[in-house]
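Listed below, chain by chain, are the residues.
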Amino acid sequence: MTLVRAKKHLGQHFLTDKNIASKIVESLRPAGKYKQVLEVGPGMGILSDFLLQKADYETFLIDIDTESYTFLKKKYPNLGERLINDDFLELDFKAKFKSQMAVIGNFPYNISSQILFKILDHRDQVHEVVGMFQKEVAERCASKPGSKEYGILSVFLQAYYKVEYLFTVKAGVFNPPPKVLSAVIRLTRNETADLGCDEKLFWQVVKAGFNQRRKTLRNAVSSLINKEKMVDNKTLDLRAERLSVADFVKLTNEIAANR
């Protein structure tokens, strides 16, 4: 079959190392938690080859690239409706998947944050994620309070998932090679069903805090607080990067109680 051309506008960098592909697939841990796995951006199927050998779960593939879709349709003629030619960011999870599931992929770097926020939107259905990201993004997801990488994405993901940085991947194992290092992380849904605060306000506080991360929270979230009632709140004298998820939840409740 004719090989698929990597398209810059889709952020495609095809993985060529089968050992790394196998290692990524083996990082999935279904253990009875889910029976369906969705691979995002399979390209020419280097991960798919290993995924489709697994009897523990049913593998689905989704690719927005029509050329990849046509290639994979010939390569895996028995996949039928499990091969999807669509935009992952527009996918209706509840219509397609009826129970808990996992998402895996060598994700396009130009939409990696959007992919993660899509997963957060469906956090009650997506039990596990194993993905290749730009190393900088992977570090941001897994970083802890106090580090310069710690930010909005870190807080939102760690509110609902255990985030593990698994391993770094060099540029030479891709075609074409990206200009950055890559890394694989694993997200595993935690037990948090409810943060214990107004989640809409929580998101507003986190975003406002990090959008002006050099300022103290008192200044960064000033539009959200009653300044007179919270004049003695010591947490507001810190910068956003110092707060854990639990700290942000506590602060959100304090802001809500003093409006």
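Nothing here was measured: the structure is a model prediction, and the numbers come from that model.

Some details on the pairing of strand β6 (residues 126-134)
Phase 1: A large share of β6 lies buried, amounting to eight of its nine residues.
Phase 2: Where strand β5 (residues 101-106) lies against β6, six bridges are found, and the strand directions are parallel. The partner of Met101 across the bridge, within β6, is Val126.
Phase 3: Tracing the backbone out of β5, into helix α5 (residues 112-121) and back to the parallel element β6 gives a crossover that is right-handed.
Phase 4: As paired strands, β6 and strand β9 (residues 182-189) are joined by seven bridges and run antiparallel to one another.

Digging into the UniProt feature "domain: Ribosomal RNA adenine methylase transferase N-terminal" (unreviewed entry) in the chain
Phase 1: The sites that UniProt annotates as "domain: Ribosomal RNA adenine methylase transferase N-terminal" (unreviewed entry) are residues 20-191.
Phase 2: Counted over residues 20-191, helix gives 31% and strand 27%. Its end C-alpha atoms are 30 Å apart.

Description of the domain arrangement of the chain
Phase 1: Entries for the chain in the domain assignment read domain 1 (8-189) and domain 2 (199-258).
Phase 2: Distance from the C-alpha centre of domain 1 to the C-alpha centre of domain 2: 33 Å.
Phase 3: The interface of domain 1 with domain 2 comprises 15 residues on the first partner and 15 residues on the second.
Phase 4: Carbon and sulfur atoms supply 69% of the area buried between domain 1 and domain 2, which totals about 1,200 Å² over both sides.
Phase 5: Summed over the three residues of domain 1 that lose the most area to domain 2, namely Tyr150, Ile152 and Phe156, the buried surface amounts to 42% of that side.
Phase 6: On inspection of domain 1 and its partner domain 2, the count reaches one salt bridge.
Phase 7: Put simply, domain 1 and domain 2 have six residue pairs in polar contact (both at pLDDT 80 or more) between them.
Phase 8: The set of elements that each furnish at least two residues to the side of domain 1 that touches domain 2 consists of α5 and α7 (152-160).
Phase 9: Looking at the side of domain 1 that touches domain 2 element by element, the count peaks at six residues for α7.
Phase 10: Each residue belonging to the side of domain 1 that touches domain 2 can be placed in one class, and the counts come to nine nonpolar, four polar and two charged.

Rules used throughout
- Residue indices follow the written sequence of each chain, beginning from 1 at its first position.
- Only residues with pLDDT of at least 70 get local features here, since the model is predicted, and only at 80 or more are side-chain atom pairs given and counted; chain-wide, interface and lining totals rely on the full set of residues.
- The basis for every side-chain value is the complete set of heavy atoms in the structure, and neither hydrogens nor water enter the calculation.
- For each residue, the accessible area found with a 1.4 Å probe, counting protein chains only, is set against the maximum for its type, and the residue is called buried under 20%, exposed over 50%, and partly exposed in between.
- Counting from the N terminus, the helices are DSSP H or I runs at least four residues long and the strands are E runs at least two residues long.
- A pair of strands counts as paired when DSSP detects no fewer than two bridges linking them.
- Here, the term right-handed applies to a crossover whose path from the first strand over the helix to the second runs clockwise when the strands point away from the viewer.
- UniProt positions are given in the numbering used here, feature names are shortened, and annotations may be inferred rather than shown by experiment.
- An automatic or database domain assignment supplies the residue ranges for each domain.
- Contacts are assigned to residue pairs that have any heavy atoms within 4.5 Å of one another.
- Using a 1.4 Å probe, buried area is obtained as the accessible area two parts lose upon being combined, added over both of them.
- Throughout this description, the term salt bridge denotes a Lys or Arg side-chain nitrogen within 4 Å of a carboxyl oxygen of Asp or Glu.
- Any pair of nitrogen or oxygen atoms within 3.5 Å is treated as a polar contact; in protein, a donor-acceptor pairing is required on top of that, and neighbouring residues in sequence qualify only through side-chain atoms on both sides.
- Polar here means any residue outside two lists: the nonpolar Ala, Val, Leu, Ile, Met, Phe, Trp, Tyr, Cys and Pro, and the charged Asp, Glu, Lys and Arg; Gly therefore counts as polar.

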